[in-house]
Every structure is written in C-alpha cells, then in structure tokens.
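Chains, contacts and geometry: an overview
The lines below spell out each chain.
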Amino acid sequence: MKVRDIMVNTPKYCRPDANLASAVELMWVNDCGFLPVVDFDNRVTGVITDRDIAIALGTRNQRASDVLVRDVMTKRVYGCAPDDDIHTALQSMEKHQVRRLPVVNPDGKLAGILSIGDLTLHAEKKEGKKIPDLSSDEVVETYQGIRVRQLTEQVAQL
C-alpha cells in the first residue's frame, strides 16, 4: 500500500505571510489542526498546528491578526512522497514524533497530507492467516511509540 492510497488529496494550506487569525479560520472551517505552509511555488516551507497557534497566542500579548504564520511555524518539515510505502511513512512518523506528514512531490510541491487518523481509518484487523496491507496493530504501535517518547521527554525535562 502506498501513501497516495490513503493521503488527503486536497490539502488545506497557508502562506508564511498569512496571519494566525486566517490560519485558525482555515483550520476551523476545514476541521483540521495542521496546515502545511507553502511558498508561491507551492513548495512546503514549514508546518503549523493548532497547538503552535495556541502556545504562540498564550505567550504573547498580541492579537491573532497581528502575528504572522512565519513567526510561529515549525520550519523543520518531515514529509513523505505519494509513492512511498505506507510502512515507511509510519516509521517516519514514529521516528520524528509527528502525527501528520505533508506529502510532497519530487519537486517539493505539496501533493497531500497523511495523518495518523487517516491511517487508522484504513487499517484492518488481522484475521486468521490473512495479513492486511496495513494492520490496526501497526498503527496503534506507531501512535504508542510517538506518545511514549513524547511523555518520556517531558518527564526528563522536569
């Protein structure tokens, strides 16, 4: 199974010069908590999450309309390609501690988004000798790997 078989093909995104109010509106209207940030050539330059926005606004004395996405976005982007094997994407999610990956073409342009939620919807239970392309156990183990490592790092910081 390939990433293209599961990814969202019509991803919502924002530009680095957008303000947080417009990013929040996009997330609200489209029921998502993650937006790739793309330049005018549609190349992914960063990502922003609802958590990034909440922390930024909670630690600044500024209105959302006065803060630009570029000032809050995560610039280190972990992504995958449409032709990647789904198991490679799972490994990348766990390794980099992310629940969503922008899907980019070889030229770096945004092609879609792959989320742990999408993977959950496509996963199948192992039944008897039949081995599914993507098992629910694999998705759960990936999510647990993300959460366990995050919690371990938080405890170490205390």
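Residues numbered from 1 in each chain as written. Predicted model: local features only at pLDDT ≥ 70, side-chain atom pairs only at ≥ 80, totals over all residues. Heavy atoms only, no water.

1. Comments concerning helix 1 (residues 20–30)
Turning to helix 1, its buried residues are Leu-20, Ala-23 and Met-27. Buried residues of helix 1 fall within an arc of 60° about the axis and therefore sit on the same side. Of the residues in helix 1, the exposed ones pointing more than 90 degrees away from the buried face are Glu-25, Trp-28 and Val-29. Buried-residue contacts for helix 1 involve strand 1 (34–38), strand 2 (44–49) and helix 2 (50–58). Among the residues of helix 1, the N-terminal cap falls to Asn-19, whose side-chain oxygen and the backbone nitrogen of Ala-21 are separated by 3.0 Å. (Buried < 20%, exposed > 50% of the residue type's maximum accessible area, 1.4 Å probe, protein only. Helix = DSSP H or I, 4+ residues; strand = E, 2+ residues; numbered from the N terminus. Arc of directions from axis to C-beta. Contact = heavy atoms within 4.5 Å. Polar contact = N/O pair within 3.5 Å; in protein donor to acceptor, adjacent residues only side chain to side chain.)

2. Details of the nonpolar core
Val-3, Leu-114, Leu-119 and Leu-134 are the most contacted members of the largest nonpolar core, which has 18 residues in total. Taken together, the elements giving at least two residues each to this core come down to helix 3 (86–96), strand 3 (100–104), strand 4 (110–115), helix 4 (116–122) and helix 5 (136–157). Among the elements that line this core, the one with the most residues is helix 3, at four residues. If near-sequence neighbours (up to four positions away) are discounted, Val-3 is found in contact with Cys-80, Ala-81, Pro-82, Asp-84, Asp-85, Ile-86, Ala-89, Val-103 and Leu-114. Residues Leu-20, Met-27, Ile-53 and Ala-56 belong to the second largest nonpolar core, which totals 14 residues. (Core = buried A, V, L, I, M, F, W, Y, C linked by side-chain atoms within 4.5 Å.)

3. Quick look at the environment of Val-3
Positionally, Val-3 belongs in the segment before helix 1. Given a relative accessible area of 0%, Val-3 falls into the buried group. A sequence separation of 116 residues divides Val-3 from Leu-119, and the C-alpha atoms of the two residues are 9.5 Å apart.

4. Structural notes on unusual backbone geometry
Positive phi, close to 70°, is recorded for Asn-42, a residue that is not glycine. Along the chain, Asn-42 turns up in the loop between strand 1 and strand 2. Despite not being glycine, Gln-97 has its phi angle at roughly 60°, a positive value. Mapped onto the secondary structure, Gln-97 falls in the loop between helix 3 and strand 3. Under the relative-accessibility criterion, Gln-97 is labelled buried at 14%.

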